[in-house]
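Coordinate analysis (summary)
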Amino acid sequence: MKNRIKWLIFLGIASSTLGVAAPAPWFLWQSNVTGGVICAQHSPGDGWSQLAGSFSTAGHCKQAIRQKTKP
């Protein structure tokens, strides 16, 4: 019975830490080929360079795109 209680306490503590993780930040990426700009949490692959970041939300990243592409 005591082992069962210990396991329940352990599982409760372990599962409570899962909700603590923060979301991944957003970055502004620019294509080395076309010069296009996108927002992504991870590198879109070869041929892209990180232009700006880190942003806490996609909305903040999109605002940066609008500011960088203003004439």
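Refer to the structure printed above.
The text that follows walks through the structure, step by step, so that each part is easy to find. (Residues numbered from 1 in each chain as written. Predicted model: local features only at pLDDT ≥ 70, side-chain atom pairs only at ≥ 80, totals over all residues. Heavy atoms only, no water.)

1. A word on the nonpolar core
- Counting 7 residues, the largest nonpolar core consists of L28, C39, A52, F55, C61, A64 and I65.
- Elements represented by at least two residues in this core include exactly β3 (48-55) and α2 (58-68).
- At 3 residues, the largest contribution of residues to this core is made by α2.
- In this structure, A64 is in contact with L28 and F55, ignoring residues within four places of it in sequence. (Core = buried A, V, L, I, M, F, W, Y, C linked by side-chain atoms within 4.5 Å. Buried < 20%, exposed > 50% of the residue type's maximum accessible area, 1.4 Å probe, protein only. Helix = DSSP H or I, 4+ residues; strand = E, 2+ residues; numbered from the N terminus. Contact = heavy atoms within 4.5 Å.)

2. Section: the environment of A40
- Along the chain, A40 falls in strand β2 (residues 37-40).
- For A40, a relative accessible area of 14% corresponds to the buried category.
- In this structure, the C-alpha to C-alpha distance between A40 and Q50, residues 10 residues apart in sequence, is 9.8 Å.
- Filtering out sequence-adjacent residues up to four positions away, A40 remains in contact with W26, F27 and W29.

3. Some words on the packing of aromatic side chains
- One pass over the structure, following the stated rule, counts 1 aromatic pair.
- Look at F27 and W29: their rings are 6.3 Å apart centre to centre, the planes differ by 65°, and that puts the pair in the edge-to-face class. Side by side, F27 and W29 carry an identical accessibility label, which is buried. (Phe/Tyr/Trp six-rings, centres within 6.5 Å; stacked < 30°, edge-to-face > 60°.)

4. So, the sheet that holds β3
- Taken in spatial order, the 3 strands of this open sheet run β2-β1-β3, and their pairing is antiparallel. The open sheet terminates on both sides in strands that have one partner only, identified here as β2 and β3. Strand after strand, the sheet turns through a mean of 25° between neighbouring axes, direction not considered.
- In terms of strand pairing, strand β1 (residues 26-31) meets β3 through 6 bridges, oriented antiparallel. For W26, the partnering residue across the bridge sits in β3 and is F55. (Pairing = 2+ DSSP bridges. Axes fitted to C-alpha atoms, helices over the stretch in contact; angles between N-to-C directions.)

Interpretation note: all reported values are geometric properties and have no functional meaning in isolation.
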